[in-house]
Amino acid sequence: MSKKENKNAGDIEERYEFVWPGKKKCIEEAGRECSEKLISDAVNSYLPDTTANLYIEGDNLTALKLLKDEYAEKIKMIYIDPPYNTGSDHIYMDRFTAQEGNNKVNASGRSHAAWCSMIYPRLCTARELMREDGVIFISIDENEEFNLKKICEEIFGEANRVGEVIRKTKSMTADDGCGFNLQHELLLIYAKDKSKLHLKGEKKAFANYSNPDNDPKGDWCAGDPSARSGGPSTYFEIENPYTHKKDLPPSGRYWAFSKESLKRYIEEGKIKFKETYRDNERGFIFKRYKADAKSMNEPVHSLFAVENEFMNQSATVELRKIFGSDVFSYPKPVAYIQKLVQFSTGEGDIILDFFSGSATTAQAVMEQVAEDGLKRNFIMVQLPEEVDKKRDAYKAGFRTLCDVGRERIRLIAERLKDKADCGFKAFRVSEKES
Ligand SMILES: C[S@@+](CC[C@H](N)C(=O)[O-])C[C@H]1O[C@@H](n2cnc3c(N)ncnc32)[C@H](O)[C@@H]1O
């Protein structure tokens, strides 16, 4: 038996930690100062004199570090859709292969370690840009989902995990070989400080509220007058003055108010006695006023994106309508990102996307401003990946993915520029200073 095998359990140092070959190096990379600069790119800017939007061409780790000077703790919402490491042939690179020190690859030649080393320093740096009440949304699929979750738990902390949204990606049935049809992906949500984050879902419909008795407090509906906990002071009979029917709380429960509060509620009209009712009904109504609702919005539902309008196909059709051909692989639907903007931002907020691709996020921000009139601004970052000659994007005259993103913003601006800030100051990350 070798010395190693002979080690007994007591000698093994155990701790819960997520590690991969290259992790130490990428943590150092996150902390390293950079010598590059952001260079103004006047030729590619659009309406630069009147805009607070930015479009940055270059590697996002350097761009994020450079943004810290002006935007540390200023960003309300980050949305990213990083390469998923699918190994498939997209318009952008989507295969992370082994690097020095992390040479273990899976059956299709992809390295999880290389992907982790790519995303880790970027998320660390991005966190520094987030406001205290800021939030980050990260799209991901089954290829790196399990690694991304562990990395996010480490960077943002378990206490700041908000949850995950399921997005239906396709309605087609396909079999992955073992009789399973995968038709969704995830959106991980983390807060900078969950106690300060307030997401607002869809506006509450208040459909069952009305004001049949012209109550001066406005629309109301019948609420539950009982509570799970209480004591002798909240357990008593309530007598209907018209019919003398006496009501007690439901079995095992108490009234949600004391006798003193009951008196006040009757005077104020919050408790209204009925002159007629069915046998199984209470003799009074306990009104719940719309004006007293804690929030005018629903919470954000984790299944909001299972509707067909959020599927990949909608985004492909959308982009085809803008450009006339398929200039990008797997863009996200505008409506999907617009929902995230709507749920998490308001007047004056800045939204950042540092894997911006075809600039769907920029369009989503402009559309939301045009819709609700609340001014917001965006920062897009995109690597100038060259477009292959065989691609539709090349045939349409685009040479890099930045050309595609910037042109999309300009084209959308034709429709929205009277309603939203649709310009952008273009920058490019300079070469490294030697
Ligand atoms: C999945 S796509 C994003 C698509 C985007 N959500 C859309 O709707 O068009 C990922 C993008 O990140 C870009 N990217 C990859 N690595 C990057 C890096 N280091 N810096 C900046 N952009 C990068 C890729 O070129 C690609 O355009």
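### Some details on the overall build of the protein chain
Part 1 of the reasoning: The helix and strand inventory of the protein chain stands at eleven helices and 16 strands.
Part 2 of the reasoning: The C-alpha atoms of the protein chain give 28 Å as radius of gyration, which overshoots the globular expectation for 434 residues (22 Å, by more than 25%).
Part 3 of the reasoning: Principal-axis analysis of the C-alpha atoms gives the protein chain an extent of 90 × 75 × 50 Å.
Part 4 of the reasoning: In the protein chain, which comprises 434 residues, the share counted as buried stands at 47%.
Part 5 of the reasoning: As displayed, the protein chain has an accessible area near 23400 Å², and 48% of this comes from carbon and sulfur atoms.
Part 6 of the reasoning: Computed over 68 positive and 72 negative side-chain charges, the inter-centroid distance for the protein chain is 2 Å.

### Quick word on the sheet that holds strand β7 (residues 220-222)
Part 1 of the reasoning: Reading across from one edge, β7-β13-β12 is the order of the three strands in this open sheet, with antiparallel pairing throughout. Looking at strand neighbours, the two that pair on one side only are β7 and β12 (271-273), the edges of this open sheet. Strand-to-strand twist in this sheet, taken as the mean axis angle between neighbours without regard to direction, amounts to 35°.
Part 2 of the reasoning: Both β12 and strand β13 (residues 284-289) contribute to a ladder of three bridges, which runs antiparallel. The partner of Ile 271 across the bridge, within β13, is Phe 286.

### Description of the site of the ligand
Part 1 of the reasoning: Close to the ligand lie 20 residues, the nearest being Asp 59, Ser 358, Thr 360, Gln 382 and Glu 385.
Part 2 of the reasoning: In this structure, a nitrogen atom belonging to the ligand sits 2.8 Å away from a side-chain N or O atom of Asp 81.
Part 3 of the reasoning: Surface burial for the ligand is 96%, taken as the share of its 600 Å² of free accessible area covered by protein chains.
Part 4 of the reasoning: Broken down by class, the residue content of the shell around the ligand amounts to eight nonpolar, seven polar and five charged.

### Notes on helix α7 (residues 312-323)
Part 1 of the reasoning: Given a rise of 1.5 Å per residue, twelve residues ought to cover 16 Å, and the 17 Å separating the end C-alpha atoms of α7 matches this to within 8%.
Part 2 of the reasoning: Turning to α7, its buried residues number three or more, namely Asn 312, Ala 315, Leu 319 and Phe 323. Projected down its long axis, α7 carries its buried residues within an arc of 60°, all on one side. In α7, the exposed residues that point more than 90 degrees away from the buried face are Gln 313 and Lys 321.
Part 3 of the reasoning: Structurally, α7 contributes buried residues whose contacts are with β5 (161-168) and α11 (401-416).

### Looking at the pattern of salt bridges
Where side chains of opposite charge bring their charged atoms close, a pairing between them can arise.
Part 1 of the reasoning: Enumeration over the complete set of coordinates arrives at 30 salt bridges.
Part 2 of the reasoning: Between Asp 59 and Arg 122 there is a salt bridge whose closest N-O contact spans 2.9 Å. Taken together, the positions of Asp 59 in the loop between β2 (54-57) and α3 (60-71) and Arg 122 in helix α4 (residues 112-129) put the pair 63 residues apart, joining distant regions of the chain.
Part 3 of the reasoning: With a relative accessible area of 28%, Asp 59 lands in the partly exposed category.
Part 4 of the reasoning: Residue classification places Arg 122 among the buried residues on the basis of a relative accessible area of 10%.
Part 5 of the reasoning: Here Asp 372 and Arg 376 are joined by a salt bridge, their closest N and O atoms 2.9 Å apart.
Part 6 of the reasoning: Through salt bridges with shared partners, a single ionic network connects Asp 81, Arg 167, Glu 185 and Lys 332.

### Focus: the packing of helix α8 (residues 334-344) against helix α9 (residues 360-372)
Part 1 of the reasoning: Where α8 meets α9, the closest approach of the two axes is 8 Å, and the angle between their N-to-C directions is 60°. As summarised for this structure, α8 and α9 are arranged oblique, according to the angle between their axes. Between α8 and α9 the crossing geometry is right-handed. For the pair α8 and α9, contact is made by Val 334, Ile 337, Gln 338, Val 341 and Gln 342 and by Thr 360, Thr 361, Gln 363, Ala 364, Val 365, Glu 367, Gln 368 and Glu 371, respectively.
Part 2 of the reasoning: The class makeup of the residues in the contact of α8 with α9 is five nonpolar, six polar and two charged.

### Some remarks on the nonpolar core
Part 1 of the reasoning: In terms of nonpolar packing, the biggest core is built from 45 residues, with Leu 123 and Leu 352 touching the most fellow members.
Part 2 of the reasoning: Broken down by element, this core gets its largest block of residues, ten residues, from α4.
Part 3 of the reasoning: Beyond its immediate chain neighbours, meaning those up to four positions away, Leu 352 contacts Leu 64, Leu 67, Ile 75, Met 77, Ile 78, Tyr 79, Leu 129, Ile 379 and Val 381.
Part 4 of the reasoning: The next biggest cluster of nonpolar side chains, apart from the first, holds 38 residues, and it includes Met 77, Leu 187, Ala 364 and Ala 413.

### Observations regarding the domain arrangement of the protein chain
Part 1 of the reasoning: Entries for the protein chain in the domain assignment read domain 1 (36-201 + 299-429) and domain 2 (220-292).
Part 2 of the reasoning: Computed over C-alpha atoms, the centres of domain 1 and domain 2 are 52 Å apart.

The rules behind these values
- Residues numbered from 1 in each chain as written.
- Predicted model: local features only at pLDDT ≥ 70, side-chain atom pairs only at ≥ 80, totals over all residues.
- Heavy atoms only, no water.
- Helix = DSSP H or I, 4+ residues; strand = E, 2+ residues; numbered from the N terminus.
- Rg over C-alpha atoms; globule rule 2.2 N^0.38 Å.
- Buried < 20%, exposed > 50% of the residue type's maximum accessible area, 1.4 Å probe, protein only.
- Areas by Shrake-Rupley, 256 points an atom, 1.4 Å probe, with all protein chains shown as cover.
- Lys, Arg positive; Asp, Glu negative; His and termini not counted.
- Charge placed at Lys NZ, Arg CZ, Asp CG, Glu CD.
- Pairing = 2+ DSSP bridges.
- Axes fitted to C-alpha atoms, helices over the stretch in contact; angles between N-to-C directions.
- Near = heavy atom within 4 Å.
- Polar contact = N/O pair within 3.5 Å; in protein donor to acceptor, adjacent residues only side chain to side chain.
- Nonpolar A, V, L, I, M, F, W, Y, C, P; charged D, E, K, R; others polar.
- Expected span 1.5 Å × (residues − 1).
- Arc of directions from axis to C-beta.
- Contact = heavy atoms within 4.5 Å.
- Salt bridge = Lys/Arg side-chain N within 4 Å of Asp/Glu carboxyl O.
- Parallel < 35°, antiparallel > 145°, perpendicular 65-115°, else oblique.
- Left-handed = near helix turned anticlockwise from the far one by under 90°.
- Core = buried A, V, L, I, M, F, W, Y, C linked by side-chain atoms within 4.5 Å.
- Domains from an automatic or database assignment.

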